[in-house]
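Architecture at a glance
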Amino acid sequence: METVLDARASKMFERIPSVPRRRLLEWAVRLEADPFLGDQIVKERIPSGLSRCRNLWRLALPDGWRALYTVVGFEENKTQAVVVWIGSHMEYDRLLGYS
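Figured I'd write up the structure that's included with this text. As the structure is a prediction and not an experimental result, all values here were calculated from the model. (Residues numbered from 1 in each chain as written. Predicted model: local features only at pLDDT ≥ 70, side-chain atom pairs only at ≥ 80, totals over all residues. Heavy atoms only, no water.)

1. With respect to the overall build of the chain
Counting secondary structure elements, the chain contains 3 helices and 5 strands. For the chain, the succession of helices and strands along the chain, N to C, is β-α-α-β-β-β-β-α. Over its C-alpha trace the chain gives a radius of gyration of 13 Å, about what one expects of a compact globule, namely 13 Å for 99 residues. Its C-alpha atoms give the chain principal-axis dimensions of about 40 × 30 × 20 Å. By residue count, 44% of the 99 residues in the chain fall in the buried class. In the chain, the proportion of contacts linking residues at least 24 apart, taken out of those at least 6 apart, comes to 51%. In the structure as shown, the chain presents an accessible area of about 5900 Å², 50% of it carried by carbon and sulfur atoms. Side-chain charges in the chain split into 15 positive and 13 negative, and the spacing between the mean points of these groups amounts to 5 Å. (Helix = DSSP H or I, 4+ residues; strand = E, 2+ residues; numbered from the N terminus. Rg over C-alpha atoms; globule rule 2.2 N^0.38 Å. Buried < 20%, exposed > 50% of the residue type's maximum accessible area, 1.4 Å probe, protein only. Contact = heavy atoms within 4.5 Å. Areas by Shrake-Rupley, 256 points an atom, 1.4 Å probe, with all protein chains shown as cover. Lys, Arg positive; Asp, Glu negative; His and termini not counted. Charge placed at Lys NZ, Arg CZ, Asp CG, Glu CD.)

Here it is in structure tokens:
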């Protein structure tokens, strides 16, 4: 099991402050042991821009930051947690239609 950032999340990762960035790196290590640690997003709430994700999970980061990831399996019995989005709480609420 490994945790990776997709191209979009890599760009977002660069703009977040150091405290949430450090916590996301800590989460990445924990996700390798248990990829379903985050809070699952119900399928109806998955935004159209992330519709390629069959499942979506949320990680709460310090200072109101959020990260979304999906768990992907491969034929070789390999699993990846792929971080697909990182943003502020306000951006997260807009993305998922809460505000």
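Anyway, onward from the coordinates.
2. Focus on unusual backbone geometry
Phi at D63 takes a positive value of approximately 60°, unusual for a residue other than glycine. In this structure, D63 sits in the loop between β3 (57–60) and β4 (65–73).

3. A word on the environment of E91
Within the secondary structure layout, E91 lies in helix α3 (residues 89–95). For E91, a relative accessible area of 28% translates into the label partly exposed. As a C-alpha pair, E91 and W65 span 26 residues in sequence and 9.0 Å in three-dimensional space. Not counting the four nearest positions on each side in its chain, E91 is found in contact with R15 and W85.

4. A look at the pattern of salt bridges
Per the counting criterion, the structure on display carries 5 salt bridges. With a closest N to O distance of 2.8 Å, R52 and D6 form a salt bridge. Remark: D6 occurs in the loop between β1 (2–5) and α1 (7–15) and R52 occurs in the loop between β2 (39–40) and β3; sequence separation between them is 46 residues. Residue class for R52 comes out exposed when judged on its relative accessible area of 52%. For D6, a relative accessible area of 16% puts it in the buried group. For E91, the salt bridge is made with R15, and the minimal N-O distance between the two is 3.1 Å. Of this pair, E91 sits in helix α3 while R15 sits in helix α1; the two residues are 76 residues apart in sequence, bridging distant segments of the chain. (Salt bridge = Lys/Arg side-chain N within 4 Å of Asp/Glu carboxyl O.)

Treat this as a map of the structure, not an account of what it does.
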